[in-house]
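# Overview (structure and organization)
Residues per chain are reported as follows:
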Amino acid sequence: MNRRQLLLATPVVAAAPWRVSAQAPRKLQVVASFSILADIVREVAGDAADVSSLVGANADAHVYEPRPSDLQRLARADLVVVNGLGFEGWIERLVRTSGYRGPVVVASDGITPRRLGRALDPHAWQSLVHAQRYVDNVRAALERAAPAQAAQVRARAAAYTARLVELDAECRAAFDTVPRERRRIISSHDAFGYLGDAYGLTLLAPRGWSTDADPSAAEFAALIRQVRQQQALALFVENISDRRLVERIAQETGARVGGTLYSDALSLPGTEADSYLRLVRHNVQTISGALRAALTAAASATPLR
Ligand SMILES: [Zn+2]
């Protein structure tokens, strides 16, 4: 290396570190509980915050076991955002243990949850209308936490909400091509109730709103009977769950596996469901496409009389 190369290779910041730190004040540190929520927060925050997720891509937040590094991350956080509705059963204890004393924003605040007795269905992000409430709750929290960036955050929230509204119309159009009485699907856990309510889908699942327990033999047999009676048209595996349960239902009922749905987590960066918008679009295209294919197959299999 000659003298000129050596000079070029010398890091400039080393000469004036005080100036660098003065120009770049510490960014707002936001921790979201799971990957889908982290993506929504990132969209709203833009460069107003560094956003990280406790539960990562393709991971199951229902049965998450926090790591020591999560405690450190929370201890350094300025803002924590969770889904609520009982989704993250482990978060309260984790936050308490970490010593974090800042606000914990519940993104689903203000929606009307689906209920079964006293239990709440936590998967409200599967509704693009509820997601707009998530965006608004996140926007309000970010504006409070970073008032200097409030205008930017407000503009980003408005632009992102417009994209949610647009995608909702696209989803509605995708299902319009499937007769309502044929919009029947099965997924491995009951994560798509809000999507079903939005677009008139009937859903069945061997597991309930959580993934922490497998069905008993009797429950499984009852489900198989129900699938046969209801002539459910398409089955789906999920990115966060073991696919064997759904594959067994397919074997026993002759229903077809129509693809992979993303229920409670994004896919890895660079893959098909690596953002909330891409996740919803993928799920809706996969479901509506499989239902259309099953309808076509059923029509061509009908014997001519
Ligand atoms: Zn779930």
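Structure first, text after, so check above.
Report follows, based on the coordinates. (Residues numbered from 1 in each chain as written. Predicted model: local features only at pLDDT ≥ 70, side-chain atom pairs only at ≥ 80, totals over all residues. Heavy atoms only, no water.)

### Quick look at the coordination of the zinc ion
Around the zinc ion, the donor atoms from the protein are H62 (NE2), H123 (NE2), H189 (NE2) and D264 (OD), and they sit 1.9 to 2.0 Å away. Between the 4 donor atoms coordinating the zinc ion, the angles at the centre fall across 92 to 120°, so the site counts as tetrahedral. Written as a sequence motif, the donor residues of the zinc ion are H-x60-H-x65-H-x74-D. Linking H123 in the loop between β6 (119–120) and α6 (128–145) with H189 in the loop between β7 (184–187) and α8 (193–199), this pair joins segments that are 66 residues apart in sequence. (Donors = N, O, S within 2.8 Å, 3.2 Å for Na, K, Ca; no water. Tetrahedral: all angles 85-135°; square planar, octahedral: opposite > 155°, others 65-115°. Helix = DSSP H or I, 4+ residues; strand = E, 2+ residues; numbered from the N terminus.)

### Notes on the sheet that holds strand β4 (residues 104–106)
Within the open sheet, the 4 strands sit side by side as β2-β1-β3-β4. Their pairing is parallel. Because the sheet does not close on itself, it has two edges, and the strands there are β2 (49–55) and β4. The mean angle between the axes of side-by-side strands here comes to 25°, regardless of whether they run parallel or antiparallel. By the bridge criterion, 3 bridges tie strand β3 (residues 79–82) to β4 in an arrangement that is parallel. In the strand pairing of β4, V81 is matched with V105. This element, helix α4 (residues 68–75), spans β1 (28–34), β2 and β3 of the sheet and lies at about 150° to β2. Sitting on the sheet, α6 is in contact with β1, β3 and β4, with an inclination near 175° to β3. (Pairing = 2+ DSSP bridges. Axes fitted to C-alpha atoms, helices over the stretch in contact; angles between N-to-C directions. Contact = heavy atoms within 4.5 Å.)

### So, the nonpolar core
V30, V81, L142, Y276 and I287 are the most contacted members of the largest nonpolar core, which has 78 residues in total. Take this core: its biggest share by element is 10 residues, from helix α11 (residues 276–301). Aside from chain neighbours lying at most four places away, what touches V81 is V30, V31, A32, S33, L37, V41, V105, A107 and V138. If you look at the next biggest cluster of nonpolar residues, it comprises 13 residues, including L223, L235, I249 and A255. (Core = buried A, V, L, I, M, F, W, Y, C linked by side-chain atoms within 4.5 Å. Buried < 20%, exposed > 50% of the residue type's maximum accessible area, 1.4 Å probe, protein only.)

### A few points about the packing of α6 against helix α7 (residues 150–176)
With their axes 10 Å apart at the nearest point, α6 and α7 run at an angle of 175° to one another. Here α6 lies roughly antiparallel to α7, going by the angle between them. Two secondary-structure elements touch here, α6 through L128, V129, A131, Q132, V135, R139, L142 and E143 and α7 through A150, V153, R154, A157, Y160, T161, L164, V165, L167, D168 and C171. Considering only residue class, the contact of α6 with α7 consists of 13 nonpolar, 2 polar and 4 charged. (Parallel < 35°, antiparallel > 145°, perpendicular 65-115°, else oblique. Nonpolar A, V, L, I, M, F, W, Y, C, P; charged D, E, K, R; others polar.)

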